[in-house]
Amino acid sequence: MSAEVTHDLSTAHLSIADGNIVVSDALQLFTPQLPEAAEIKPIERQEAVLTEPEPSTLPEIHSAAAQPSVQEPPILTYAVTAFYLNVREKPDADSNIIQVLQQGDTIEVDHATDNGWLALKDQGFVHGRYAEKLEVKAAPAAEKKLEVQVLAKANTIAEPPLNDTLEIKPAKAIPLPSDPGKPTSAVESDSGLTEEHIAKLFEKTALANHGLEKAVLEVEEEYGINAYFTIAVMKLESGNGKSTLAKKKNNLFGLNAIDSDKYNRAFAFETKSDSVRKFGQLLAKNYVGKGYTTIDKVARKYCPTNPKWASLVMNIMKRDYKKL
């Protein structure tokens, strides 16, 4: 008995003899032979190229730690230091008054002008001399909150909240009177006068045409001294601008004219307006600041030798009011 076995690689013929299997041809593994001229080239490795997805198909998550946060410019906040502060249409003391602020009011400022005025964020201008800048610092809690917001929402930039430790109060507007206010015995009060009103009160006196109107209103704005009162004391002490001290020393209030040598001891000023400003400063510090807040109280210290001083000042104030 014999059989032929075919394999993928070789062929063998088998036979049985005496109960044994005899292989006529030995099994051989088939090894394919390549032509001698064939050259085996190594397989070149190719880098995998990944196509970039469209920008719109892959959301981009911004990390607050990786990218700088975008913040709006800080709001400049100032506090009013004058007792009364006029808000004007333009950065000029001759411009129209559109609002009056009080001491302690806070205002938001857009920028400062070259001539010292502050442009308010909403409307108008105030002089920077009568407002103090407040410092606004970012709170650490707000920065931490910013990180969470940015990481939680893709492609958005969160604005940090304002520092809640600083309470910014809206400025309180005081309605402007259509006519000047009626004078009272209160030294610290708002007169409602304008430069035009004061110029009219100086007409036909030696106090006219010296630019005193602006100085009188500056005293009222910065120190709260009523303009009627300042004008009345000026007229009384200087004889409507004709006194020797007024002419030769520009001293309209008899400031420091004490003892027997009044002329030599009296203060001298470069301009009459400087005299007005000094009067306001001294009155605010040495009188109003120490409780002398009415004309009668001021009279006892300002001119103790003249018991009629208070009534004379009040009469001038009333006459001036009638002129307007």
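This structure is a prediction, so every number in the text was calculated from the model and none was measured. The residue numbering used here restarts from 1 in each chain and proceeds along that chain's sequence as written. With pLDDT at 70 or above as the cut-off, local features in this predicted model cover only qualifying residues; side-chain atom pairs require 80 or more to be listed or tallied, and sums for whole chains, interfaces and linings still use all residues. In computing side-chain properties, one takes all heavy atoms of the structure into account and sets aside hydrogens as well as water.

A few words now on the overall build of the protein chain. The secondary structure listing takes helices from DSSP runs of H or I that are at least 4 residues long and strands from runs of E that are at least 2 residues long, numbered from the N terminus. Helix and strand counts for the protein chain come out as nine helices and ten strands. Every one of the 324 residues in the protein chain was classed for burial, and the buried ones make up 33%. In what follows, residue pairs with any heavy atoms lying within 4.5 Å of each other are defined as contacts. Considering only residue pairs separated by 6 or more positions, the protein chain has 56% of its internal contacts joining residues 24 or more positions apart. Working definition of accessibility: Shrake-Rupley area with a 1.4 Å probe, residue cover restricted to the visible protein chains. For the protein chain, the exposed surface amounts to about 21,600 Å²; the carbon and sulfur share of it is 51%. With a 1.4 Å probe rolled over the protein chains alone, any residue whose accessible area is under 20% of its type maximum counts as buried; one over 50% counts as exposed, and the rest are partly exposed.

Quick look at the environment of lysine 262 now. Structurally, the position occupied by lysine 262 is in helix 6 (residues 262-265). Judged by relative accessible area, which is 48%, lysine 262 ranks as partly exposed. For the pair lysine 262 and leucine 245, spaced 17 residues apart in sequence, the C-alpha separation works out to 9.4 Å.

Positive phi values are uncommon outside glycine, yet asparagine 240 reaches one of about 60 degrees. Here asparagine 240 is to be found in the loop between helix 4 (227-238) and helix 5 (244-248).

Bringing the pairing of strand 5 (residues 84-88) into the picture now. In terms of burial, strand 5 is a largely internal element, five of the five residues being buried. In this sheet, strand 6 (residues 97-102) lies alongside strand 5 in antiparallel orientation, the contact comprising five bridges. Bridge pairing links asparagine 86 to valine 100 in strand 6. Any two strands between which DSSP finds at least two bridges are classified as paired.

Our focus in this paragraph is the confidence of the model for the protein chain. Taken over all residues, the pLDDT of the protein chain has a mean of 77, while the share at 70 or more is 64%. In the model of the protein chain, helix 1 (residues 140-152) stands out as the element of lowest mean pLDDT, 44, in contrast to helix 4, which has the highest, 97. Across residues 138-166 the pLDDT falls below 50, and counting only partners more than four positions away or on other chains, this stretch makes 26 contacts in the model. Confidence scores labelled pLDDT are given residue by residue by the predictor and lie between 0 and 100.

This part is about helix 3 (residues 212-223). For helix 3, which comprises twelve residues, the first-to-last C-alpha distance of 16 Å matches the rise-based estimate of 16 Å (1.5 Å per residue) to within 8%. For helix 3, the buried fraction is high: ten of the twelve residues fall into the buried class. Within the span of helix 3, buried status applies to Leu212, Glu213, Ala215, Val216, Leu217, Glu218, Val219, Glu220, Glu221 and Tyr223. In the core, the buried residues of helix 3 are packed alongside strand 5, helix 2 (195-202), helix 4 and helix 7 (272-286). The length a helix should cover is 1.5 Å for every residue beyond the first.

Moving on, we come to the packing of aromatic side chains. For Phe, Tyr and Trp, where Trp contributes only its six-membered ring, two rings pair if their centres lie within 6.5 Å, and the inter-plane angle classes them as stacked under 30 degrees, edge-to-face over 60, or tilted in between. Applying the stated criterion to the full structure yields nine aromatic pairs. Ring centres 6.5 Å apart and planes at 70 degrees place the aromatic pair tyrosine 228 and tyrosine 321 in the edge-to-face group. Placement of tyrosine 228 in helix 4 and of tyrosine 321 in helix 9 (residues 309-323) is noted, with a sequence separation of 93 residues between them. Accessibility expressed as a relative area gives 1% for tyrosine 228, which makes it buried. Through a chain of ring-to-ring contacts, the aromatic side chains of Phe229, Phe253, Phe279, Tyr287, Tyr292, Tyr302 and Trp309 assemble into a single cluster. Lysine NZ or arginine CZ positioned within 6 Å of the ring centre and within 35 degrees of the ring normal marks a charge as sitting over the ring. Between the NZ or CZ atom of lysine 301 and the centre of the ring of tyrosine 287, over which it lies, the distance is 4.9 Å.

Attention now moves to the side chain of threonine 113. As for its placement among the helices and strands, threonine 113 is situated in the loop between strand 7 (106-112) and strand 8 (117-120). Within 3.5 Å is the distance limit for a polar contact, defined as a pair of N or O atoms, with the added protein rule that one can donate a hydrogen and the other accept it, and that residues adjacent in sequence qualify only through two side-chain atoms. Within the structure, the side chain of threonine 113 is placed 2.5 Å from the side chain of asparagine 115, a separation counted as a polar contact. Among residues more than four places away in sequence, those in contact with threonine 113 are Pro91 and Phe125.

One way to put it is that helix 4 packs onto helix 9 with a least axis distance of 9 Å and a crossing angle of 115 degrees. Crossing hand, helix 4 versus helix 9: right-handed. Facing Tyr228, Phe229, Ile231, Ala232, Val233, Lys235, Leu236 and Glu237 of helix 4, the residues of helix 9 in contact are Trp309, Leu312, Val313, Ile316, Met317, Asp320, Tyr321 and Lys323. Residues are grouped as follows: nonpolar covers Ala, Val, Leu, Ile, Met, Phe, Trp, Tyr, Cys and Pro; charged covers Asp, Glu, Lys and Arg; every other residue, Gly included, is treated as polar. By residue class, the composition of the contact of helix 4 with helix 9 is twelve nonpolar, no polar and four charged. Axis definition: a line fit to C-alpha positions, over the contact stretch in the case of helices; interaxial angles, taken between N-to-C directions, run 0 to 180 degrees. Left-handed describes a crossing in which the near helix is turned anticlockwise from the far one by less than a right angle; the clockwise case is right-handed.

We count a salt bridge whenever a side-chain nitrogen from Lys or Arg sits within 4 Å of a carboxyl oxygen from Asp or Glu. Under the counting rule described, the total for this entry stands at seven salt bridges. For arginine 88, the salt bridge goes to glutamate 221, with nearest N and O atoms at 3.7 Å. Of this pair, arginine 88 sits in strand 5 while glutamate 221 sits in helix 3, placing them 133 residues apart in sequence. This pair shows no difference in class: arginine 88 is buried, exactly as glutamate 221 is. The residue arginine 277 makes a salt bridge to aspartate 274 at a minimum N-O spacing of 3.2 Å. Of this pair, arginine 277 and aspartate 274 both sit in helix 7, three residues apart, roughly one helical turn. Since its relative accessible area comes to 31%, arginine 277 is described here as partly exposed. By relative accessible area, aspartate 274 is classed as partly exposed at 28%. Within the structure, one salt-bridge network assembled from shared partners comprises Arg129, Glu218, Asp274 and Arg277.

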